[in-house]
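Here is how the chains run, residue by residue.
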Amino acid sequence: MIQYILESIAFQLLFLVVYDFYLKKETFFQWNRLYLLGTFVFSLVLPWVKIEAFKQQVPQTFAPYPEYLWKLQNEAVVAKVQESSGWNITWQEGILYGGMLVALLLFGLKIRQLYLLRRSGEKVTYPSFTQIIITNSNIAFSFFTSIFIGDKVLKMKHDTIIAHELVHIKQGHTYDLLFFEFMRVVGWFNPLVYVYQNRISELHEFIADAQVSKEHQSEHYEQLLAQVFQTEHISFINQFFTKSLIKKRIVMLQRSKSKKVWQLKYLLLVPMVLGMLLYTSCEMDKTTTDGQDLTKSDELLMAEVKAEIEKNNLDINYLTSSGLLEKYNDPETTISKYEFFQYGVLQSTMLKNIQEGWTKDHPEEEALNIAFMLPSTERYNNFVSQRKAYKLIDNDLKSSVKAFGKDIAFYDNGLGAYPSDFLEYKVSNTSKLSSNELQKFNELLVRLENEPDYLTNIILSDDTNIFLIKTDVKGFRVNIESQNVKIVSEEEFKNSDNIDVAFATVEEVPIFPGCEDVADKRACFNEKIQKHISKHFNYPQAAIDANIEGRVSSMFMISSEGTIENIKMRGPDKLLEDEVERIIKRLPQMTPGKQSGKAVNVPFSIPVQFKLH
């Protein structure tokens, strides 16, 4: 809804800018009236319009989170269905509805003011209008088919005034003003509604003046306009005497009629509307490195692979019999994208079957989330990058890596922090190591063998390339492409403004509002965020109806500015993921975390367990 409101206001602003700079001074009053009414309606409708021919996907790339960060989960927040005890509205909704109520009351007061004037005045009925004479007054305005006029005005020559107000009545100008008055009630927070109403009211006077000046002496009419009379401050009536408009009306009466060729200016509306339709028809294509959000081409390829597997009744044994497993594990060989998807689908199917058996035998244990293991274009590109990296490495070094059962991954010189237990080793040329460099590298590999309790890697770099030599984690091998580690030197760390440090290891954790004076700020942060989730949780009704429950793992970044960014979700259903994302987006601004006295980005992960009963 927020996006819809912002888009509507943006479109209105663009339409008004074109009107004020290109159309306002022209004498095509009826065209301008149609422009103002039409563009306002367009601004309300266009954000909802999606033209199939204009549809295109705009990539929206998010920074990746290393797989080990997803494993550093805090205690899950258990969210259950709760019976609603009454109205459940947010403070933002309270302000919105409260403003609408105030605007509606003000509208009611204006209606009452008109009612009192009508009741107190003397009514004279004519075939096309009703004249209401107000005693001891010099007002003059119309409302629907009624013309309110002061008795002091009647003592003067007032035929032009009556004729002027009759133009308003015949052309239904009151409907225009009431439309914008209603929009002021609904969109009281939008300043452009008031601008639109002001422009249309001004235009009504120009239309009536132009019509009356054809039948009356222009000089006499201008003299009449120059008088200062009493006015009623009601936004949806057509007043004859409006002090701020008198000068503009005289100027417009004296203006020469615009040449018809200038009507071509209205063609500006065509590219404007087409551009807006192009914008609203674009779809965000979220590309993540977790392999959950697949492109349409990925989905098609996945469906094709699954169809072949089902048709030929293939299972995990096919990987060995076809030689695909051997090619996949050979660092010198790059398999095709189709083969990569075959391997991924068969492997994930096997793991899914194992998981179902495990869950059946151990219902109290949390199920393994294998969504991130599914193949995707992103993962295949990383796989190819890994193979290319292997070919760039010194042959003797490759032999050592292969002998120790390590993996090699290629990384560009991007800024970011890597864990303190990584071993950094810089050489002159990674494609040709000297004997001393190779000897030292082998010593580092031996050191990796003696570090069984935690993940330890070697960062091998020269002036051009950076490689990650990755070890095993207690016998469980994790694919290189899922371990996206950003590399940064100590000097670059000091000069960089975009460093990521895990919540569990950052020296000074981000400070949640209310934890400023607490001794254990880390514990306070965890407590506050769990309370925040519990407070704002609302089990989606669609998920309740579909009997959907389960665990949603969430990951987000508390940036070096203290804002919440890069929200990621892993869960059993998008309905649950969307609810957790909604809650995370409502987190307040925080004091950023610090490492070595420097503000850093801090990734934080917390699971939310949805339970129906």
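Rules used throughout
- Residues numbered from 1 in each chain as written.
- Predicted model: local features only at pLDDT ≥ 70, side-chain atom pairs only at ≥ 80, totals over all residues.
- Heavy atoms only, no water.
- Helix = DSSP H or I, 4+ residues; strand = E, 2+ residues; numbered from the N terminus.
- Buried < 20%, exposed > 50% of the residue type's maximum accessible area, 1.4 Å probe, protein only.
- Contact = heavy atoms within 4.5 Å.
- Areas by Shrake-Rupley, 256 points an atom, 1.4 Å probe, with all protein chains shown as cover.
- Disulfide = S-S within 2.5 Å.
- pLDDT = per-residue confidence, 0-100.
- Phe/Tyr/Trp six-rings, centres within 6.5 Å; stacked < 30°, edge-to-face > 60°.
- Patch = residues over 30% accessible without salt bridge, like charges linked within 9 Å, V, L, I, M, F, W, Y side chains within 5 Å.
- Salt bridge = Lys/Arg side-chain N within 4 Å of Asp/Glu carboxyl O.
- Axes fitted to C-alpha atoms, helices over the stretch in contact; angles between N-to-C directions.
- Parallel < 35°, antiparallel > 145°, perpendicular 65-115°, else oblique.
- Left-handed = near helix turned anticlockwise from the far one by under 90°.
- Nonpolar A, V, L, I, M, F, W, Y, C, P; charged D, E, K, R; others polar.
- Pairing = 2+ DSSP bridges.

Side note on the overall build of the protein chain
Inference 1: Within the protein chain, the secondary structure is distributed over 22 helices and 17 strands.
Inference 2: Of all 613 residues assigned to the protein chain, the portion counted as buried reaches 45%.
Inference 3: Pairs at least 24 residues apart make up 74% of the contacts formed inside the protein chain by residues separated by at least 6 positions.
Inference 4: In the structure as shown, the protein chain presents an accessible area of about 33000 Å², 55% of it carried by carbon and sulfur atoms.

Points about the state of the cysteines
Inference 1: Under the criterion given, the structure shown has 1 disulfide.
Inference 2: Note that C515 is cross-linked by a disulfide to C524, the S-S spacing being 1.9 Å. For the disulfide bridge between C515 and C524, the dihedral angle about the S-S bond is near -80°, and by the sign convention the bridge is left-handed. The same class applies to C515 as to C524, namely buried.

Details of the confidence of the model for the protein chain
A low pLDDT score tells you not to read the predicted coordinates there in detail.
Inference 1: Of all residues in the protein chain, 71% have pLDDT values of 70 or greater, and the mean over the chain is 76.
Inference 2: Note that pLDDT drops below 50 for residues 284-294; the model gives that stretch 41 contacts with residues more than four away or on any other chain.

Re unusual backbone geometry
Inference 1: One non-glycine residue, N136, adopts positive backbone phi at about 50°.
Inference 2: Residue placement: N136 occurs in the loop between β4 (130-134) and β5 (140-143).
Inference 3: Of note in this structure, N547 is not a glycine but carries a positive phi near 60°.
Inference 4: Inspection of the secondary structure puts N547 in the loop between α21 (541-545) and β13 (550-558).

Observations concerning the packing of aromatic side chains
Inference 1: Taken as a whole and assessed by the stated rule, the structure comprises 26 aromatic pairs.
Inference 2: Arranged with centres 5.2 Å apart and planes meeting at 75°, the rings of F40 and F180 form a pair that is edge-to-face. Pair noted here: F40 is in helix α2 (residues 29-45) and F180 is in helix α7 (residues 173-186), with a separation of 140 residues, a long-range link.
Inference 3: Residue F40 is classed as buried on the basis of its relative accessible area, which comes to 1%.
Inference 4: The rings of Y328, F340, F341, Y343 and Y380 are connected pair by pair, giving a single aromatic cluster.

Some thoughts on a nonpolar patch on the surface
Inference 1: On the surface, a nonpolar cluster with roughly 590 Å² of combined accessible area is contributed by V261, W262, L264, L267, V270 and L274.
Inference 2: With a relative accessible area of 41%, L274 lands in the partly exposed category.

Let's talk about the pattern of salt bridges
Inference 1: Taken as a whole and judged by the stated rule, the model has 11 salt bridges.
Inference 2: With a closest N to O distance of 4.0 Å, K24 and E202 form a salt bridge. Taken together, the residues span a long stretch of sequence, with K24 in the loop between α1 (2-23) and α2 and E202 in helix α8 (residues 191-213) at a distance of 178 residues.
Inference 3: K24 gets classed as partly exposed once you look at its relative accessible area, which sits at 23%.
Inference 4: Each of K110, E181 and R184 takes part in one network of salt bridges that share partners.

A word on the packing of α2 against α8
Inference 1: Where α2 meets α8, the closest approach of the two axes is 9 Å, and the angle between their N-to-C directions is 160°. Put simply, α2 runs roughly antiparallel to α8. Like other packed secondary-structure pairs, α2 and α8 cross with a definite hand, here left-handed. The segment α2 lies against α8, with F29, Q30, N32, R33, L36, L37, T39 and F40 engaging V193, Y196, R199, I200, L203, H204, F206, I207 and A210.
Inference 2: The residue makeup of the contact of α2 with α8, split by class, is 11 nonpolar, 4 polar and 2 charged.

A few points about the pairing of strand β10 (residues 423-426)
Inference 1: Alternating residues of β10 divide into L423 and Y425, all buried, and E424 and K426, none buried.
Inference 2: Sheet topology places β10 next to strand β11 (residues 457-461); 4 bridges connect them, and they run parallel. Note that in β11 the partner of E424 across the bridge is I459.

A word on the packing of α2 against α7
Each pair of packed helices can be described by the angle between their axes along with the distance between the axes.
Inference 1: Direction vectors running N to C along α2 and α7 enclose 30°, while the axes themselves pass 12 Å from each other. The angle between the axes of α2 and α7 places the two elements in the roughly parallel class. Helix-helix and strand crossings are classified by hand; for α2 and α7 the assignment is left-handed. Contacts from R33, L36, L37, F40, V41 and L44 in α2 reach H173, D176, F179, F180 and M183 in α7.

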